[in-house]
Each structure stands twice: as C-alpha cells, then as structure tokens.
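If you want the building blocks of each chain, they are given just below.
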Amino acid sequence: MPVKILGGDTLLAGVLQIAPSKLIKSVLYTNEYKTHYLPKKSGGRRRIDEPPEIVKDIQKRILNIYFRNWSERGWLDKAITGFVRGQSIKTNALFHWDMNLRYTWRLDFKNAFPSLTYNVIRQTLSHYIQQELNSYHAVQIARQNGKVVIEAFSPLYSTRKTAWFRNLLNDYKNNDGTKEFVDYLVEGLVDFLTHLVTYQKKIPQGAPTSPFLLNLVVSYSQIMKKIREYLQSEGIKARVSIYADDITISSSERIKFPVIQKVIGIIEASHIFKISREKTLSFDITKKAPLITGLKLVKVTPVNQVMKNVWLRRLPTAHKNNIAMNTVGKPLRPFIIISLGKKNTKKIRAIIHLATKRPTEKLNKKVSGYIAYLNDIYGGDLPRQISTPYKKYLSQQKQKAQD
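Scope of this entry: the structure provided in the associated data block. From a predicted model like this one, the values you see are computed outputs, not experimental measurements.

Cut-off values and rules
- Residues numbered from 1 in each chain as written.
- Predicted model: local features only at pLDDT ≥ 70, side-chain atom pairs only at ≥ 80, totals over all residues.
- Heavy atoms only, no water.
- Pairing = 2+ DSSP bridges.
- Helix = DSSP H or I, 4+ residues; strand = E, 2+ residues; numbered from the N terminus.
- Contact = heavy atoms within 4.5 Å.
- Axes fitted to C-alpha atoms, helices over the stretch in contact; angles between N-to-C directions.
- Phe/Tyr/Trp six-rings, centres within 6.5 Å; stacked < 30°, edge-to-face > 60°.
- Lys NZ or Arg CZ within 6 Å of the ring centre and 35° of its normal.
- Salt bridge = Lys/Arg side-chain N within 4 Å of Asp/Glu carboxyl O.
- Buried < 20%, exposed > 50% of the residue type's maximum accessible area, 1.4 Å probe, protein only.

## Re the sheet that holds strand β9 (residues 335-340)
Here's step 1: Ordered by their spatial adjacency, three strands build an open sheet running β7-β8-β9, and the pairing between neighbours is antiparallel. If you trace the sheet from one side to the other, it starts and ends with β7 (291-292) and β9, each paired once.
Here's step 2: Of the strand pairs in this sheet, β7 and strand β8 (residues 295-300) are connected by two bridges, and their pairing is antiparallel. Considered in β8, the bridge of leucine 291 is made with lysine 296.
Here's step 3: Contacts from helix α15 (residues 361-378) reach β8 and β9 within the one sheet, and its direction differs from that of β9 by about 175°.

## Comments concerning the packing of aromatic side chains
Here's step 1: Under the criterion given, the structure shown has 13 aromatic pairs.
Here's step 2: Each residue in the set Tyr66, Phe67, Trp70, Trp75, Tyr128 and Phe212 is aromatic and connected to the rest through ring pairs, giving one cluster.
Here's step 3: Here the guanidinium or amino end of arginine 45 rests over the ring plane of tyrosine 37, the centre of that ring lying 4.1 Å away.
Here's step 4: Lying over the aromatic face of tyrosine 118, lysine 201 brings its terminal NZ or CZ to 4.3 Å of the ring centre.

## Some points on the pattern of salt bridges
Here's step 1: The full count for this structure, using the stated rule, is 14 salt bridges.
Here's step 2: Here arginine 313 and aspartate 381 are joined by a salt bridge, their closest N and O atoms 2.4 Å apart. Taken together, the residues arginine 313 in the loop between α12 (305-312) and α13 (317-326) and aspartate 381 in the loop between α15 and α16 (384-402) connect sequence positions 68 residues apart.
Here's step 3: Assessed through its relative accessible area of 26%, aspartate 381 is described here as partly exposed.

## Things to note about unusual backbone geometry
Phi is mostly negative for residues that are not glycine, and the peptide bonds are mostly trans.
Here's step 1: In this model, histidine 271 sits at a positive phi of 60°, which is unusual for a non-glycine residue.
Here's step 2: With respect to the helices, strands and loops of the structure, histidine 271 is situated in the loop between α11 (257-268) and β6 (281-284).
Here's step 3: Its identity as a non-glycine residue notwithstanding, threonine 293 has a phi of 45°, on the positive side.
Here's step 4: In this structure threonine 293 comes out as buried when scored by relative accessible area, which is 14%.

By themselves, these are just geometric observations and shouldn't be taken as functional.
If you want it as structure tokens, here you go:
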C-alpha cells in the first residue's frame, strides 16, 4: 500500500465519523477502478475512471463532510462558480450579465483533470489543512486574550471522535514534542487523503471528489487572482469567472488578443494547467451571442411590454431592477437575457420526441430532469421549440395513465 498512514487514518476516520477499519479497507480497493471512454464533442475520446463502490462511498463522505466545509468557510476563489452549492451554469452566465456587455473571451484548460497530479493534490491539501490548524490556533489565542469568538473551529474536528486531536492541538505550543507529533499526524492525514482521491498518480475523471479538487487547485494556485490583478493593471474593467475548466472574461470594452496571450501565459506559468488554443474563442455580442458554459447572453429589443415581461422572467430580481433603472423613459430599450444554446436545445427536443414515441423509465427521468433545468433558465416560460413537443409528451403520458 503506497501510503504512509502515521495515525492519519484514525484522524480522518474521526472527521468522517466512521470506523478506521472501514477507511483502511477502502484503501485496499483504490486500484480497482473501472475505465471506459466517452466521445468528446471536439473529437477523440474522454477517459472516465470510476472508483469501486467502497472507495466512492468514502470519497462522497470526504467531499460532503470535509471538502465542502472549506468552500462554506469562503476559502475558494470568488470567481469559481462550478461544483459549488447554490451555484450553476446559470450563475456563471449571469456573473457576466451587464447592460453594457459587449466583448467576451473563453479559455479552456487542456486535459484539466489529468493535469492534477498526485504531488499537486498533496501540496494543495496540505496547504488547506494547515490553514485549518492556523485558524484554530488564532481562535484559541483570541479566547485566551478575553475576546469572544463565535466560531471556535471548523466543525470537522468538533466531533466526539476527534476530541483527542483537539487536546493535542491545545498543547501545540508546549515543548514536549506535541508539535512534532501533530505534524506527524497531519502528514499521515494528507497522505491518506491524497491516496484516496487519486488514481494512477492523478485525479480520476469519474470520482465524486475530482471536480471540487479542480476548484481547490485553481484557488491554491491563485490563477484567477493573478488574472484579475493583471487586467486591472492594464486598466481593463472585466469580469472573470471559471466553471470547471472553462474560463470566461467579459467586458464592455474590447480586449485585444495580446492581452489574452498574457492571460494564457499567467495560467501556464502555474506549471499545472495548459490552455487549449483551438478552444480559445472571442465574441462580440453585437455580432454573435456569447456562449458561456452552454448558455447564451443574447441582446434583445422588446417590441412590446408583454414580450419584455416574458424575457424579464428569465432574470433574477437584481438584474430586472438594473434593466428598469436603465430603461426609464425608454421602456423598449435593448437589454440582455440568457438562453440555452441551439445545440443543447435541439438535443433536449430530440429526447422529448423520442420519449413521446418510445417512452421508457430512463427517458422519462431524462425529460423530467431537462424540463426542471430549462424552467430554471427560462423562468417557466419554455421556448416554443421545447414547449410544443413537451405538451405532446405530457398528453401521451396522460393518455397512457388513463389506459
């Protein structure tokens, strides 16, 4: 077993509130992934490595109990919108919504998941675990100085099963070797975690922890922060976000390609990620609607108040208020809405047609999922390309139920 435990198994088991024996058993199966390939839209095949159930169960616990706690504590870069609770591709698209939006650039990481090697993941996890410990010590010092601190420590180490570790941390400053022992345990914890979330020395596309780890490495490398600082130094007022491996930069002013070349240089200087040159795209909203993680930002001119209200239902209240403020005296002035891209619209329409003609439980679940997804995007006012076949589908389902 190529992992140093060093007591890290007991600590992690306490955090996850499971028996150490179950954790040890899961490690024995970390080489039992099943590999298959899916076709890429751009051509070629995408490798998917699926962990065995016992490993996947542990990974889900690590994600939901451990990693997401870091997100809730605000430790992810503010530009990250993918795989974060309460965020979606709609959130990412709306991040770039602006009445004056005109230009957009899209950059794509090349082979993002395979780029995250064992060493990169280990360094990243070590950094954030140490950040937790530093946070705990800062709180302890504040309390010793008589200050009231509401959040004593990450709830990760607040369980009964980790009380022994908290006691060690409280003696961290003593000169009896406690610090060395804590460091020893933390090293084991980091090794154990890294081993459980990697496969063949990289993070596997197919493990539930991998998308969050991508977010974590992006934050740790400070790529997004460096891009923002560079654009600001150039006097460019831009919005920058990342959803999974897709970076979007938008602005009301033109961003020339030499600037984007510099941005690419900043990303690749991390020695972690590379940019797919063939997927680097630019959009001018006056000529073509920007496509941001499958959604389009479309500039529309309402012909009447009814149509304006229909389009406004796609947007959150804050955006509607912005439009209202900017259309005083000009109620039919152009504004920007979000819409699903043509390819995805055609794909969903085709699935609804298929489920109408040859309904199966699997297809019915797909239709329900897609309709819920579209209702979120369109605020309940589905486009005619979808609403027409969907009405036929519902009619067919009703008829089937009566028979």
